[in-house]
2 protein chains.
Amino acid sequence: MIKVVLLGAGNLAFHLAKAFDIATNIDFVQHYSRNASIDSEFNQKIPTTNSLNNLAQADIYIIAINDDSIADFSKQLTFKKGLVVHTSGSMPLNILHCKANKGVFYPLQTFSKDQKVDFKGIPIAIEVEKRSDFNLLESLAQSISENVYEIDSNQREKLHIAAVFANNFSNQMFKIAKDICDENNFSFDILKPLILETANKVQRINPEKAQTGPAKRKDQKVILNHVSQLSGEQKKLYTLMSKSIINSINE
Amino acid sequence: MIKVVLLGAGNLAFHLAKAFDIATNIDFVQHYSRNASIDSEFNQKIPTTNSLNNLAQADIYIIAINDDSIADFSKQLTFKKGLVVHTSGSMPLNILHCKANKGVFYPLQTFSKDQKVDFKGIPIAIEVEKRSDFNLLESLAQSISENVYEIDSNQREKLHIAAVFANNFSNQMFKIAKDICDENNFSFDILKPLILETANKVQRINPEKAQTGPAKRKDQKVILNHVSQLSGEQKKLYTLMSKSIINSINE
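Model, not experiment: these values are computed from the prediction.

A.B. asks: Please explain helix α1 (residues 11–22) of chain B as it appears in this structure.
C.D. replies: Structurally, the α-helix is built with 3.6 residues per turn, so residues lying three or four positions apart point the same way. Residue and element names in this part refer to chain B. Taking 1.5 Å of rise per residue, the 12 residues of α1 would be expected to cover 16 Å, and the 18 Å separating its terminal C-alpha atoms lies within 8% of that figure. Buried residues of α1: Leu12, Ala13, Phe14, His15, Leu16, Ala17, Ala19 and Phe20, and no others. Each element contacted by the buried residues of α1 is listed here: β1 (2–7), β2 (26–32), β4 (60–63), β6 (101–107) and α3 (134–144).

Okay, here's the thing in structure tokens:
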């Protein structure tokens, strides 16, 4: 059994608490939050505390708080035994200023409190400062997820950028598509199956090979026709994205 | 029973033939292909022909051939009875030059021959020139799909542009994300669950509300840090997409 103390009470902490509570090889010994009482949605069977002086002994301490607070918060962790990990995708390992061993435990997904989360399919990127901590952190990750990757701080920074493209920017494409639907009085619903299929396709096929459409066919007639119907930002993005697709073919 | 003649032997025709063959209220009376023998993958129970002079009588004739060939092909259809529809997303109804009534039957999905297709969830956009044909074409569409939309030629042109954003451009974002993974020696697999979740989320939430990430938070520190790590096209796109997201917030 891996003894775990969870520190934080945000969305990620909420979902981690639930996952740790049901994982068979995790002993979820304590849940810390700076607020006097931890959200009643949390499982009350787990002992809670709001004082860092009362932290229980554990194998792993998981900091699940805002990125910008991690450095200062970690300075308050003065114990020397155990492994302290943060859960941020955009912060390096060495942002931790605790005395204990350091690591990163980064689940790659967006979390909101009102949404059920099954950690099994969520990739967890882990990193340790001391090699001797690797098996322990890997065991913790594997106890809730089937997709565990060792990713160092440099890679994690790039992974975060890649995730911005894969998630935020593709979502913005969906937003622009919806704008076009709205502007022309037909329902965005008509595009939803296509959006699902686009995401499903790259689960099994390289996105470069999955590409279709006018730019992939270098169909300048259709491209110019589309561009002529757009203006402003939509026009600019259509042109740049089509160029990007055409450049990919020529790579 | 709606009597249907299918004209064409490409990917879409292949999948339509399969769907019509099993639909209960469709009498799939003939399959035309200009090639002497229709691909043996097609169901051979359906009578075939390679001569437009031998076309069977039907309620609906479905042209499923290349966009650029539709106009010339339709001129060869000299019969006056029945409804002739094309299946193109990017061609107006009036590209049809046949003597019979005209319409459009556009399934909004990308098709490849080696992939199973369930038409039930695929939206079909229909349009008729004569109002009296609407019920017939709607019945045909509803016999294979649960998502049938009436979309006129102007709207369909915009729908095609919206689909380019929703499918081709989001897929290009996945491609760039994969490039970043490859360049930094970690697997694109780690991003796949996030990609699926991005597409799943907009099935139930407006993409504008579904947005997360540094641009949505107007987190200039992270944005500038990311931009500083990119170059060339990736840098240009990151900047433009972040601007687009920030502009969306201010709309």
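A.B. asks: Can you help me understand the relation of the copies chain B and chain A in this one?
C.D. replies: Copy one and copy two of the chain differ by a rotation about a common axis and a shift along it. In the superposition of chain B on chain A (RMSD 0.0 Å, axial shift 0.0 Å), the rotation amounts to 180°. In short, the pair behaves as if placed about a two-fold rotation axis. By C-alpha distance to the rotation axis, the residue of chain B lying nearest is Ser170 of chain B, at 2.2 Å. The residues that chain B uses at the interface reappear at the interface of chain A in 100% of cases, marking a shared surface.

A.B. asks: Hey, could you run me through the domain arrangement of chain A in this one?
C.D. replies: By a frequent convention, interface size equals the accessible area lost on bringing the separate parts together. Residues and elements named next belong to chain A. If you check the domain split of chain A, you get domain 1 (2–151) and domain 2 (157–250). Each side of the interface is counted separately: domain 1 has six residues, and domain 2 has four residues. Counting each side, the surface lost to burial between domain 1 and domain 2 is near 410 Å², with a carbon and sulfur contribution of 72%. It is Ser90, Tyr106 and Leu108 that lose the most area in domain 1 upon contact with domain 2, and together they represent 56% of the buried surface on that side. The interface formed by domain 1 and domain 2 includes zero salt bridges. Between domain 1 and domain 2 we count zero residue pairs in polar contact (both at pLDDT 80 or more) in total. The residue makeup of the side of domain 1 that touches domain 2, split by class, is three nonpolar, three polar and no charged.

A.B. asks: Got a minute to help me understand the interface of chain B and chain A in this structure?
C.D. replies: Opposite the 84 residues of chain B that make contact, chain A presents 84 residues. Interface area, chain B with chain A, both sides summed: about 8,100 Å², of which 65% is carbon and sulfur. Remark: the boundary between chain B and chain A carries 30 residue pairs in polar contact (both at pLDDT 80 or more). Going through the elements one at a time, α4 (153–183), α5 (192–204), α6 (207–210), α7 (220–228) and α8 (232–250) of chain B are the ones with two or more residues in the side of chain B that touches chain A.

Reading guide: rules and limits
Residues numbered from 1 in each chain as written. Chains lettered and ligands numbered in written order. Predicted model: local features only at pLDDT ≥ 70, side-chain atom pairs only at ≥ 80, totals over all residues. Heavy atoms only, no water. Helix = DSSP H or I, 4+ residues; strand = E, 2+ residues; numbered from the N terminus. Expected span 1.5 Å × (residues − 1). Buried < 20%, exposed > 50% of the residue type's maximum accessible area, 1.4 Å probe, protein only. Contact = heavy atoms within 4.5 Å. Least-squares fit on C-alpha atoms with pLDDT ≥ 70 in both. Domains from an automatic or database assignment. Buried area = accessible area lost by both parts, 1.4 Å probe. Salt bridge = Lys/Arg side-chain N within 4 Å of Asp/Glu carboxyl O. Polar contact = N/O pair within 3.5 Å; in protein donor to acceptor, adjacent residues only side chain to side chain. Nonpolar A, V, L, I, M, F, W, Y, C, P; charged D, E, K, R; others polar.

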